[in-house]
Amino acid sequence: MGLRSFIHRMTAPRANGHAAVHGSMKLVCVVNQSLKMGKGKIAAQVGHASVESFLRAGTTHPAHLDAWLSGGQKKICLKAKDEAVFAELKQAADKEQIPCHIVRDAGHTQIPSGSQTVLALGPYGEEHLDNITGHLKLL
């Protein structure tokens, strides 16, 4: 799909029968602290994760995406000690059918190729995401 088609799909009125979603929505990005990434690297990886999760939610969870877009696009960044935490969070998200995406680094700069840098969860209901990530600390 081209950018123009995507923008149209995101901004056109919904006529596809998806039920509206109510309540507070947010997008959660969890950063792998074991990689010791610099601030700029973290910012870039969070950007990659956010965009990819946003795009996927447009296909798999359009009503949640609409609610998130109209509700101010709340985002939060949390810390995870390593990739094992990502596996636990992803399993919990998959169980609840929450959109998510793990960014794997290309290895061009600071860290080894294939390293899991950031896990994005959502956009989805804030309560559901808090149940999964509430034990993690803010970045």
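For the structure itself, look to the data block above.
Bear in mind that the values here come from a model prediction, so they are computed numbers and not experimental data.

Colleague: Just to check I follow, could you spell out the packing of helix α2 (residues 39-60) against helix α3 (residues 62-70) for this structure?
Modeller: Each pair of packed helices can be described by the angle between their axes along with the distance between the axes. It is the contact of α2 with α3, at a shortest axis distance of 6 Å, that shows an interaxial angle of 125°. What the angle tells us is that α2 and α3 run oblique. Across from F54, A57, G58, T59 and T60 in α2, the residues of α3 making contact are P62, L65, W68 and L69. Across the contact of α2 with α3, the residue classes tally to 6 nonpolar, 3 polar and no charged.

Colleague: Sorry if this is basic, but what is going on with the sheet that holds strand β3 (residues 100-104) here?
Modeller: Either a parallel or an antiparallel arrangement is found when strands of a sheet pair, and the pairing is made through backbone hydrogen bonds. As summarised here, the arrangement of the 4 strands in space is β2-β1-β4-β3, forming an open sheet in which the pairing is mixed. At either end of the open sheet lies a strand with only one pairing partner, and these are β2 (75-80) and β3. Neighbour to neighbour, the strand axes of the sheet diverge by 20° on average, direction disregarded. In this sheet, β2 lies alongside strand β1 (residues 25-32) in parallel orientation, the contact comprising 6 bridges. Opposite V28, over in β2, you have I76 as the bridge partner.

What counts and what doesn't
Residues numbered from 1 in each chain as written. Predicted model: local features only at pLDDT ≥ 70, side-chain atom pairs only at ≥ 80, totals over all residues. Heavy atoms only, no water. Axes fitted to C-alpha atoms, helices over the stretch in contact; angles between N-to-C directions. Helix = DSSP H or I, 4+ residues; strand = E, 2+ residues; numbered from the N terminus. Parallel < 35°, antiparallel > 145°, perpendicular 65-115°, else oblique. Contact = heavy atoms within 4.5 Å. Nonpolar A, V, L, I, M, F, W, Y, C, P; charged D, E, K, R; others polar. Pairing = 2+ DSSP bridges.

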